[in-house]
Amino acid sequence: MEPAVCMQCSLIAVWCRIILENSVFRDKVFCDIILETQDGFKIFGHKVILASASQYFYAMFTNFAEKNKDLVVLGELDFATLQLLVDFIYSGEIMINKNNVKDLLTAANLLLLNDVSEACCAFLLKRLHPTNCLGIKAFADLHSCTKLLTSSELYIQQNFSSVVMGNEFLSLSPEEVVKLISSDELVVPSEEEVVECVIRWVKHDLDSRKCNLPQLMEHVRLPLISKNYIDTKLVKEPLLDNCPKCKDYIKEALYFHSHKLNQLIFTNPKNIRTKPRLGYKVILVAGGYGYTKLAAGSTEWYEPKNNQWYFGPKMITCRDGASLAVLNDHFVFAMGGHSIGSIVQSVDMLDLFSEPPCWKPTVPMLVKRTEFGVGVINNYLYAVGGYDGTNSLNSSEAFDCSIKKWRMISSMSTTRADLGAGVLNNLLYAVGGFDYSSSEVLNSVECYHPNLDKWTPVAEMSVRRYGAGVGVLDGVMYVVGGFDGLESQKSVEAYRPSLGVWTTVDDMHFPRQNAVVVALDGLLYVIGGNNAETVYNSVEFYDPTYDTWFMTEAPMNVARHFAGVVAVVKPPYFKTYEHT
């Protein structure tokens, strides 16, 4: 049991204390109202005290017929619950436990005792569990407990795998199952679990539920399930084989698998079944320089929930100074960079939902580039600036995903190598960099408007930087670290378009240049990089709520700089890869 202590206003509290200390309440002295419950019991009280604590009683004793009565029947409430609430009104304390919490919340909502309602919701919130969360969500929805409803929905999404194994899930209505499995926010290791929970729910009451199967399977993202699982499990499942609509969904998934690498790969999802869920994201780092050759050909991914780094699928092209970008939460592109001593324009692509995930070559850029900036806007992939082995570049190109072709776009006003780039409000920003022709470290910034095919200058940074990382978090663009021509920087600046100026925020723990920066779950991560003496494998993150950087306890497996980074939906078939 847990006490919920909720104090009344000071004057009423004094009255109540006097009444209690002088046994007035217990001995029914000066009582002018009797509350009768549905089970026939009577509770004595004082109208002025009850009305002072509850808008329900205030309205009753001022505006309705009950104001002239000395007995009121509250047929919706039982004696034990009402007695606890009346005692609370007089004492400011109430004992809540698992046996009375729902009755108390229902009654407190009726009597408009908000403090008790909030205390009951807090009690239930602390006890969310896979075996009870669906029931708590339904109860919160019934009683319009917004905070409890939102929290229970989030809990269900984040614990989907455990929730659907419980008996509460089997008792859901078809409409409730559809609402659950259609959510983009589900955190589920693989879509196989979604189709398996649907089959389990239908088979629990097969005769009455098999008619719901087509409607449910419409919301299962079968094209994101491995082809092997479809061939070995789903095609042979009698429940699906006997449903013509379900067989159509299976055929759609198989068609997707056989064609996505040529005609579907670069298009937006046609329907919800080919759209990855937004659930749980991880950080993927690829390539870069390190103390060994391992860095350039390796990838690793970071799972915040476990605070651990794992090796990912090996790259087919060793790259440092390359850039990474992700399209449609489905495909990661590794572009350009150095490879075995040469600057390249080649591009490799990683299908996050293939089994096993592996890199494959795709359409190369028009210009060979290393240390350049990238961005994704409206299904277009942009590559800007960089270094071609001889000169800094101001050229820019865009990849049209619908036709799988690169084309040149307007050039920047300034040649920039080792620049930072970020997308904010559908505009692409090129930040700082180095001009090899003049040996100048830049603090200038310009932004590209895709609809106008035009670059325009914006406010300059306060510090000249090349090799800086850029990340966008909650509508703010951050430039992190870099080299100012004399030393590596640990300073950080933030740009808000509404203000049009750069402002300084908290410094990192270490000076870093050529680190990678990515935003995830409300935090800004800076990974690896180097200073004049050391290549880092350490990671720190910035929390804008506190304007503070924190070190993570888990370093990368490989120290690296000049790498690429993206945040991606956790791939269902990623595993821990061995690297030597």
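Just above, that's the structure.
Presented here is a report on the structure given in the accompanying data block. Keep in mind the model is a prediction, meaning the values are calculated, not measured.

1. Observations regarding the overall build of the chain
Okay, so step 1: For the chain, the helix and strand inventory stands at 18 helices and 31 strands.
Okay, so step 2: For a compact globule of 580 residues, the expected C-alpha radius of gyration is about 25 Å, and the chain comes in at 31 Å, more than 25% above that figure.
Okay, so step 3: Seen through its C-alpha atoms, the chain measures out along the principal axes to roughly 95 × 65 × 45 Å.
Okay, so step 4: Out of the 580 residues in the chain, the part that is buried amounts to 55%.
Okay, so step 5: Within the chain, residue pairs in contact and separated by at least 24 positions form 57% of the contacts whose partners lie at least 6 positions apart.
Okay, so step 6: For the chain, the accessible area works out to roughly 25700 Å², and carbon and sulfur atoms hold 52% of it.

2. Quick look at the packing of helix α7 (residues 133-142) against helix α8 (residues 146-158)
Okay, so step 1: Across the interface, α7 lies against α8 with an axial gap of 8 Å and an inter-helix angle of 155°. With respect to each other, α7 and α8 are oriented roughly antiparallel. Relative to α8, α7 is oriented so that their crossing is left-handed. Contacts between α7 and α8 involve C133, L134, I136, K137, A140 and D141 on the former and, on the latter, L148, L149, S152, E153, Y155 and I156.
Okay, so step 2: Class assignment of the residues belonging to the contact of α7 with α8 gives a composition of 8 nonpolar, 1 polar and 3 charged.

3. Digging into the pattern of salt bridges
Okay, so step 1: Counted according to the given criterion, the structure contains 17 salt bridges.
Okay, so step 2: The partner of E446 in a salt bridge is R416, and the shortest N-O contact between them spans 3.1 Å. Placement of the pair is E446 in strand β21 (residues 440-449) and R416 in the loop between β18 (405-409) and β19 (420-424), with a sequence separation of 30 residues. Across the pair, R416 and E446 agree in class, each one buried.
Okay, so step 3: Residues E493 and R465 are paired through a salt bridge, measuring 2.9 Å at the closest nitrogen-oxygen approach. Taken together, the residues E493 in strand β25 (residues 492-496) and R465 in the loop between β22 (454-458) and β23 (469-473) connect sequence positions 28 residues apart. Each member of the pair, E493 as well as R465, is classed as buried.

4. Some details on the side chain of E446
Okay, so step 1: Relative accessible area serves as the criterion here: at 2%, E446 is assigned to the buried category.
Okay, so step 2: Within the structure, the side chain of E446 is placed 3.4 Å from the backbone nitrogen of T414, a separation counted as a polar contact.
Okay, so step 3: Within polar-contact distance, the side chain of E446 engages the side chain of R416 at 3.1 Å.
Okay, so step 4: In this structure, E446 is in contact with M412, S413, T414, R416, L428, Y429, A430, W455, T456, P457 and V458, ignoring residues within four places of it in sequence.

5. A short note on empty space enclosed by the protein
Okay, so step 1: Evaluated as defined, the whole model comprises 1 cavity of 30 Å³ or more.
Okay, so step 2: Taken as a whole, the largest cavity encloses approximately 30 Å³ of empty space.
Okay, so step 3: The wall of the largest cavity is formed by A286, G287, G288, M315, R319, D320, A322, L324, F562, A563 and G564.

How each quantity is defined
Residues numbered from 1 in each chain as written. Predicted model: local features only at pLDDT ≥ 70, side-chain atom pairs only at ≥ 80, totals over all residues. Heavy atoms only, no water. Helix = DSSP H or I, 4+ residues; strand = E, 2+ residues; numbered from the N terminus. Rg over C-alpha atoms; globule rule 2.2 N^0.38 Å. Buried < 20%, exposed > 50% of the residue type's maximum accessible area, 1.4 Å probe, protein only. Contact = heavy atoms within 4.5 Å. Areas by Shrake-Rupley, 256 points an atom, 1.4 Å probe, with all protein chains shown as cover. Axes fitted to C-alpha atoms, helices over the stretch in contact; angles between N-to-C directions. Parallel < 35°, antiparallel > 145°, perpendicular 65-115°, else oblique. Left-handed = near helix turned anticlockwise from the far one by under 90°. Nonpolar A, V, L, I, M, F, W, Y, C, P; charged D, E, K, R; others polar. Salt bridge = Lys/Arg side-chain N within 4 Å of Asp/Glu carboxyl O. Polar contact = N/O pair within 3.5 Å; in protein donor to acceptor, adjacent residues only side chain to side chain. 1 Å grid on protein atoms, 1.4 Å probe; cavity = no way out; pocket = protein on both sides within 12 Å on 5 of 7 lines; lining within 4 Å. Points joined across faces, edges and corners; volume = space filled by probe spheres on them.

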